[in-house]
Each structure stands twice: as structure tokens, then as C-alpha cells.
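Structural characterization, general
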Amino acid sequence: MSTTTAPPRGGTGGAATPAVPGAVPGARGGTRTRTPDLLLTLLLRGFDGLPPLRPAPGAPAGAAVRSRLLGRPAVVVRGAQGVRTFYDSSLVARRGAVPGALSDVLFGRGAVHGLDDAEHRVRKDLFTTALTPERVDGLVAAAAQEWDRVVHRWPGRDRVVVFDEAVAVLGRAVLRWSGAGAGEATDTARAADLAAIVDGFGSAGPRFLRAARARRRCERWAAQAVRDARAGRRPAPAGSALALVAAHRDPHGRPLDERTAAVELLNVLRPTVAVAWLVAQAAVALHGEPRWRHAVAAARTGGPDASDTAVAVAHEVRRRYPFVPALATRLRRDAEVAGHRLRAGDRIVLDVVGTHRDPHAWPSPEEFDPTRFEGAGLCPASQGFVPQGGGDARTGHRCPGESATVRLLAQAVEVLCGLELLVPPQDLRMPARPVPSRPASGFVVTRVATATGTRVAAAPGEEH
């Protein structure tokens, strides 16, 4: 079995572009390609869907390629200039930009992600209020308690799947922190449903159907939690996500209807569970780069805040393993984008993988090198780094929970680096599909000991 640590396929931002049958010159330079609709391409090929739509080596920074999405002309952009264009709210809108089936499963119908202008700003206030630094402190503390409780059980087990453990730990922590918790067993099951939503939204077939069913179950109990909080049947701690969602009002002063309130409550909970994908990816990266595991272990703080080294590792994991290969938005008006003339309603597609591996911005982009982020803090401001959106977190479409993601991931990195883990042979490649990607094994470890305890000898055939 392979133990490589390659990122999802897709090549570097400057990789050679395969010949595309039917390619013809595009407007004002660039390339126009007669390709299948990008939605179909991404569903079928996942992270392998965009490399044929990347400029050839030597193309100038900001070069774009023409394609189609949802039956409309689209331009695929990447790099810092592409990011600035993609997040220019005077040029683009989010409503209707993403296929409804995908957005309804991942975000929920009527979610903040598909809103624009005043409606978006007012709804976004809900999330920035729920995720203030002080409230994120509480979430990180809850996760620390869960990790401490769980990890103490690992030495007595023959087999631990890191991804599954992370789903349960993060799910129970965020449910309890949000005021929507219902006890360990129920919260563990709900965490699994939230993970199923993330696991299947970008797929077709049975995986997508499982995600859709999990979405319906989650919306039912979340709506009941909101209903009970509003009626006083369920005490929601002041300032908790549940209390804030239940009390939130739209630009006209009206409370959110129960379904929309449930959707937005889940949009606080689900992204926290999604950090489990990053935890599994971090485990793979640290296994392949043991010097960074040792560096994190040496720098461990032992407190609620992770070391700068663990934070830098967290950022490099987010750069190397983006959650999705691409993002889409819709033009508000006729415009020229990177030399391509488009009409209102046409799409701009941001190549996230190509942006994060753009050699103009990232030297040796295929290497795992956390030194890129040393001293960057919790939220690097680089326009070429958009693992959780771009622009201003309060008014734009950058995730207001980014600092929570980084802190939770860095915390998990420190937990893993504080243990002696035996890693049996397994396939640790990140597949091109499904989206998001993670090792199919979930990163299995056998026999665990604390780093300060007795060192456990590797069994025959196992890698240490």
C-alpha cells in the first residue's frame, strides 16, 4: 500500500496545459475552449477538473481561460488578481451563482452564502457576533476538553481512525459550545450527520443522496432547537450561537423563519466539523514530514493557544489541501474580465488550487513548507491565499470563522504531535474525488503512547 503524501491531483499553477480539442482564440487574447460544462467536469473529475483550463507555462500572472458554467459563458481566473476580481462586490453577486442542488445541501436554502448587499451584511453580522475572539476562545476550550478526554483512551485501543475521532471531538465541542448540545451520544450522532453533509455535497450518486438525507435530519432538529429556544423551553445561554440565531432579525426587523434560522445555526456547526478533513490532512502531512512533527512537539505550549509553529503548519495544510477546487460567482453587469468580454449573469470561476499553487506567488508550490507562514498570525492577508474566502470578513465573503478554524486545526496538530503514533501501511494519497478530499483510510494509527511515556516498539511491517 502506498504511503505517499501527495496533495489532491491537479498539478501546479504553471503546469503544462494539455491540448484541448477544439481550442480557438479568445477575445483580446487568452484561450476559448469548447469544453463540457464545468459543473459536469468538476462533478466527474473533482480536483482534476481544472488543470486543462489553466494558462500555459510562461503566461503572465492573472491570465484567464474561457469556459462555460451552468450553460453560460464563464472565465476561469486564478492568482492574486483573480482573487481581487472574484471578490469585487461591485462587479459580482452570489445569488444564483452556485447550482441550487449543491448549495442547498452544503449551506442550506436561503443561507448567508447566497445573499448580497444589505441582506448579506445584516445576516453576516449574526456570524461575526457569534464568532468574536472571546467566543472563539470558548469553542477552542471546549475542543481542548474533548481532545483531552478522547486521547487518554487511545493507548488502550488497537486501532484509531484520526478522521473519525476528529469528527466526534469537534462535533461534540461545537454543539455544546453553541447551546444546541443534547448529550454525548446524541451529539456524536449529529456530528456524523454534519460530516455526511460535507462528505457528499460535491459528489453525485449515493454519496450525494446520503448528504441530502443528513441535511434534512439536521434541519429538523436544528429547527426544533430554535423553536424551543424562542418558546423558553430550552435555555440558550446568552451570547451562544443558538441564542443569537433565535433572536436575529432581517433588514426589515423580522425574525428569521424557523427553517432559515435552522440553516444558519447549522452554518455555525457544520464548518467546525469540517475541520476534521484538515486534521486528517495534517496527520498525513506530518507523517510525510516528520521534522515538522518534531518542531511542533518542541514548541508545544501546553495551554489553550497553539504555538506559532503549529499555526504555520495549519496554514500550510490549508494552502496545500483546499476544501474545494473552485468557487463561482455571477456578474452583476456587462464587463471585461482578464481580457474576456462577458455579460451580466455570466460566471467568474476562481481556480482555488491553481491560486494556492501559483508559482508567481508561492515558490516551490508543491513542497510542504510551513515557513511560508511563519509570523503570519491567525489570518494571513495575502490576496493569493483564500482557503476560506477573500475580502473583509465582516462585510465581504471571507469566512468570519477563519480564526476558529486555524486555532482548532493548530490545536489538533499539537495533540497529534504530542503522541507517539504507529502508522501501518495504508494509502495516504488525497484522491481527486470526492470533493472535499481526504485519505480514504481516515489516517489509521495502531497503538498509541504519549510522547512522554514509554516508547512503543513498531510491529513488523509498520512504519514509525
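Every chain is numbered on its own, with residues counted from 1 as its sequence reads. Per-residue local features of the predicted model are confined to residues with pLDDT of at least 70, and side-chain atom pairs are confined, for both listing and counting, to 80 or more; whole-chain, interface and lining totals are unaffected and use all residues. Here the side-chain values reflect all heavy atoms present in the structure, with hydrogen atoms and water set aside.

Turning our eyes to something else, we now look at the nonpolar core. Buried Ala, Val, Leu, Ile, Met, Phe, Trp, Tyr and Cys residues form a nonpolar core when they are joined through side-chain atoms within 4.5 Å. Throughout, exposure labels follow a simple rule: accessible area from a 1.4 Å probe, protein chains only, divided by the maximum for the residue type, with under 20% read as buried, over 50% as exposed, and the rest as partly exposed. Counting residues in each nonpolar core, the largest one holds 102 residues, and the members touching the most others are Trp154, Leu409 and Val413. Among the elements that make up this core, the one with the highest residue count is helix α10 (residues 258–288) (19 residues). The next biggest cluster of nonpolar side chains, apart from the first, holds 16 residues, and it includes Val75, Phe86, Leu91 and Ile348. Under the DSSP-based scheme used, a helix requires at least four consecutive residues in state H or I and a strand at least two consecutive residues in state E, with every element numbered from the N terminus.

What makes a salt bridge here is a side-chain nitrogen of Lys or Arg within 4 Å of a carboxyl oxygen of Asp or Glu, nothing more. Evaluation of the coordinates by the stated rule reveals 27 salt bridges. Here aspartate 193 makes a salt bridge to arginine 217, at a shortest N to O gap of 2.7 Å. Of this pair, aspartate 193 sits in helix α7 (residues 184–200) while arginine 217 sits in helix α8 (residues 206–231), and the two are 24 residues apart along the sequence. Accessibility expressed as a relative area gives 36% for arginine 217, which makes it partly exposed. For arginine 215, the salt bridge identified is with glutamate 219, shortest N-O distance 3.2 Å. Separated by four residues within a single helix, arginine 215 and glutamate 219 lie in helix α8, roughly one turn from each other. The two residues arginine 215 and glutamate 219 agree in class, both being buried. A cluster of three or more residues bridged by salt bridges with shared partners is formed by Glu146, Arg149, Arg172, Arg176 and Glu184.

Another aspect to go through is the packing of aromatic side chains. Pairing of aromatic rings covers Phe, Tyr and the six-membered ring of Trp, with a centre-to-centre limit of 6.5 Å; geometry is then stacked below 30 degrees between planes, edge-to-face above 60, and tilted otherwise. Evaluation of the coordinates by the stated rule reveals seven aromatic pairs. For the pair phenylalanine 373 and phenylalanine 385, a centre-to-centre distance of 4.9 Å together with 45 degrees between the ring planes defines the contact as tilted. In this pair, phenylalanine 373 is assigned in the loop between α13 (352–356) and α14 (402–417) and phenylalanine 385 in the loop between α13 and α14, connecting sequence segments twelve residues apart. Residue phenylalanine 373 shares its accessibility class with phenylalanine 385, and that shared class is buried. Each member of the aromatic cluster is reached from another via a ring pair, and the members are Trp362, Phe373 and Phe385. For the cation-ring pair, arginine 190 lies above tryptophan 221, with the distance from its terminal atom to the ring centre recorded as 4.4 Å. By definition here, charges over rings are those cases where NZ of Lys or CZ of Arg is within 6 Å of the ring centre and within 35 degrees of the ring normal.

The rule for pairing is simple: two strands pair if DSSP sees at least two bridges between them. Here three strands make up an open sheet; going across it, the order is β6-β12-β11 and the pairing antiparallel. Of all strands in the sheet, those bounded by a partner on one side alone are β6 (160–161) and β11 (419–422). Bridging between β6 and strand β12 (residues 444–450) involves two bridges; their strand directions are antiparallel. Looking at β12, one finds that valine 161 is bridged to valine 444.

Between α7 and α8, whose axes approach to 8 Å, the crossing angle comes to 135 degrees. When the axis of α7 is compared with that of α8, the two are oblique. In this structure, α7 crosses over α8, and the sense of that crossing is left-handed. Across from Arg190, Asp193, Leu194, Ala196, Ile197, Asp199 and Gly200 in α7, the residues of α8 making contact are Arg207, Phe208, Ala211, Ala214, Arg215, Arg217, Cys218 and Trp221. For this classification, Asp, Glu, Lys and Arg are treated as charged, while Ala, Val, Leu, Ile, Met, Phe, Trp, Tyr, Cys and Pro are nonpolar and the rest, including Gly, are polar. A breakdown of the residues in the contact of α7 with α8 according to their chemical character gives eight nonpolar, one polar and six charged. Axes here refer to lines fitted to C-alpha atoms; in helices the fit is confined to the stretch in contact. Angles between the N-to-C directions go from 0 to 180 degrees. Oblique is the label for any angle not under 35 degrees, not over 145, and not in the 65 to 115 range, which are roughly parallel, roughly antiparallel and roughly perpendicular in turn. The hand of a helix crossing depends on one turn: near helix anticlockwise from the far one by less than a right angle means left-handed, and clockwise means right-handed. Contacts are assigned to residue pairs that have any heavy atoms within 4.5 Å of one another.

Chain-level pLDDT for the protein chain is 88 on average; 89% of the residues reach the 70-or-more range. As a per-residue measure, pLDDT tells how confident the predictor is, with possible values from 0 to 100. Counting interchain partners and residues more than four positions distant, the pLDDT-below-50 stretch residues 12–33 has 56 contacts.

So, on to a positive patch on the surface. Like-charged residues within 9 Å of one another, or nonpolar side chains (Val, Leu, Ile, Met, Phe, Trp, Tyr) within 5 Å, are grouped into patches, provided each residue has over 30% relative accessible area and no salt bridge. Note on areas: Shrake-Rupley, 1.4 Å probe, and residue coverage restricted to the protein chains presented here. Positive charge is attributed to Lys and Arg, negative charge to Asp and Glu, and no charge count is given to His or to the chain ends. Charge coordinates come from a single atom per side chain, which is NZ of Lys, CZ of Arg, CG of Asp or CD of Glu. Side chains of Arg210, Arg213, Arg216 and Arg220 sit close together on the surface and give a patch of like positive charge. Residue position: arginine 216 is located in helix α8. The exposure class assigned to arginine 216 is partly exposed, which follows from its relative accessible area of 47%.

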